[in-house]
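Okay, here's what each chain looks like letter by letter:
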Amino acid sequence: MKLLFPKIACFCIAILMYCTSKTTAVNASSISFKLTVERGAFHNDTFVLSAGKLVFYPEKETNYSETKYATTSETRLDTAVTLKFIAHIEQKGFWELKKQHHTNGSCASGLVVTLENNGKRKRVICEDFDRDCPELLKYIEQKIVEMEGNNLKRVYLPG
């Protein structure tokens, strides 16, 4: 009887570990969200963040002096990092933002951010990211550029 207990305990622990790892794998594979950041003016490019990756799509016809602005890229990211970022922007009030932010200026560089998560979808449009755009959207653009890793900050601006 003394020898049987340790064997049963080890067997139970092994089954518990197996079941826990299977549940975690299923949950990670079922994560589905998409954050799209579209920049206007002379960039007209798009970043698409989903669980585990960030893809940069440049404007189709560009004449930039730096090729990084004209080259599609895909960056692999830790899913936990992307989920934390999405949770953070939701907590900071993304779902409460107005859908449209107008500007009085004529030389503007737009920013459009679309979030799809848990069956919800919202698109927020800023006519000018620099002047009449909520700080949260500016933050989202900044963090997306950081996550992408090629330092694709706005350098081509109107005016």
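Now for a quick tour of the structure. In this text, all values refer to a predicted model and were calculated from it rather than measured experimentally.

Attention now goes to the packing of helix α2 (residues 79-91) against helix α3 (residues 135-148). In contact at an axis separation of 11 Å, α2 and α3 are set at 170 degrees when each is read in the N-to-C sense. The angle between α2 and α3 places the two elements in the roughly antiparallel class. Residue-level inspection shows F85, H88 and I89 of α2 in contact with α3, the latter providing L136, Y139, I140, K143, I144 and M147. When grouped by side-chain class, the residues that make up the contact of α2 with α3 number 7 nonpolar, 1 polar and 1 charged.

Moving on, we get to the side chain of E141. Tracing the chain through its elements places E141 in helix α3. Overall, the relative accessible area of 7% leaves E141 in the buried class.

As enumerated under the stated definition, the model contains 9 salt bridges in all. E116 is the partner of R121 in a salt bridge, and the nearest nitrogen-oxygen pair spans 3.6 Å. Taking the relative accessible area as the measure of exposure, R121 reaches 56% and is therefore exposed. By sharing partners, the salt bridges in this structure join R39, D45, E141 and R154 into a single network.

With that out of the way, let us pick up the nonpolar core. With 29 residues, the main nonpolar core has L35, L49, F85, F94, L137, I140 and I144 as its most contacted residues. Sorting elements by how many residues they give to this core places α3 first, with 6 residues. Sequence-distant contacts of L137, that is, excluding residues within four places in its chain, are made with F94, L97, L111, V113, V124 and C126.

On to the environment of E141, then. Separated by 104 residues in the primary sequence, E141 and V37 have C-alpha atoms spaced 6.8 Å apart. Sequence-distant contacts of E141, that is, excluding residues within four places in its chain, are made with R39, L111, F129 and R154.

Attention shifts here to the packing of aromatic side chains. According to the stated counting rule, one finds 3 aromatic pairs in the structure shown. Here F85 and Y139 contribute two aromatic rings whose centre-to-centre distance is 6.3 Å and whose plane-to-plane angle is 40 degrees, an arrangement assigned as tilted. Placement of F85 in helix α2 and of Y139 in helix α3 is noted, with a sequence separation of 54 residues between them. When its relative accessible area of 26% is taken as the criterion, Y139 is described as partly exposed. Their ring planes at 80 degrees and their centres at 5.6 Å tell us that F94 and W95 sit as a pair that is edge-to-face. A relative accessible area of 0% means that F94 is categorised as buried.

Strand order in the open sheet made by the 7 strands is β4-β3-β2-β1-β6-β7-β5, with mixed pairing throughout. The open sheet is flanked by β4 (73-76) and β5 (100-101), the only strands paired with a single partner. Sheet topology note: the β5/strand β7 (residues 120-126) ladder contains 2 bridges and is parallel. Note that in β7 the partner of Q100 across the bridge is I125. The strands that α2 touches are β1 (33-39), β2 (45-50) and β6 (111-117); relative to β1, the one it contacts most, it runs at about 70 degrees. Packing against the sheet, α3 makes contact with β1, β2, β3 (53-57), β4, β6 and β7, and its axis sits at approximately 100 degrees to β1.

Pairing of β2 with β3, which is carried by 5 bridges, proceeds in the antiparallel orientation. Bridge pairing links F47 to F56 in β3. Following β2, the chain reverses through 2 residues before pairing antiparallel with β3; G52 in that reversal takes a positive phi of roughly 90 degrees.

About the cut-offs
- Residues numbered from 1 in each chain as written.
- Predicted model: local features only at pLDDT ≥ 70, side-chain atom pairs only at ≥ 80, totals over all residues.
- Heavy atoms only, no water.
- Axes fitted to C-alpha atoms, helices over the stretch in contact; angles between N-to-C directions.
- Helix = DSSP H or I, 4+ residues; strand = E, 2+ residues; numbered from the N terminus.
- Parallel < 35°, antiparallel > 145°, perpendicular 65-115°, else oblique.
- Contact = heavy atoms within 4.5 Å.
- Nonpolar A, V, L, I, M, F, W, Y, C, P; charged D, E, K, R; others polar.
- Buried < 20%, exposed > 50% of the residue type's maximum accessible area, 1.4 Å probe, protein only.
- Salt bridge = Lys/Arg side-chain N within 4 Å of Asp/Glu carboxyl O.
- Core = buried A, V, L, I, M, F, W, Y, C linked by side-chain atoms within 4.5 Å.
- Phe/Tyr/Trp six-rings, centres within 6.5 Å; stacked < 30°, edge-to-face > 60°.
- Pairing = 2+ DSSP bridges.

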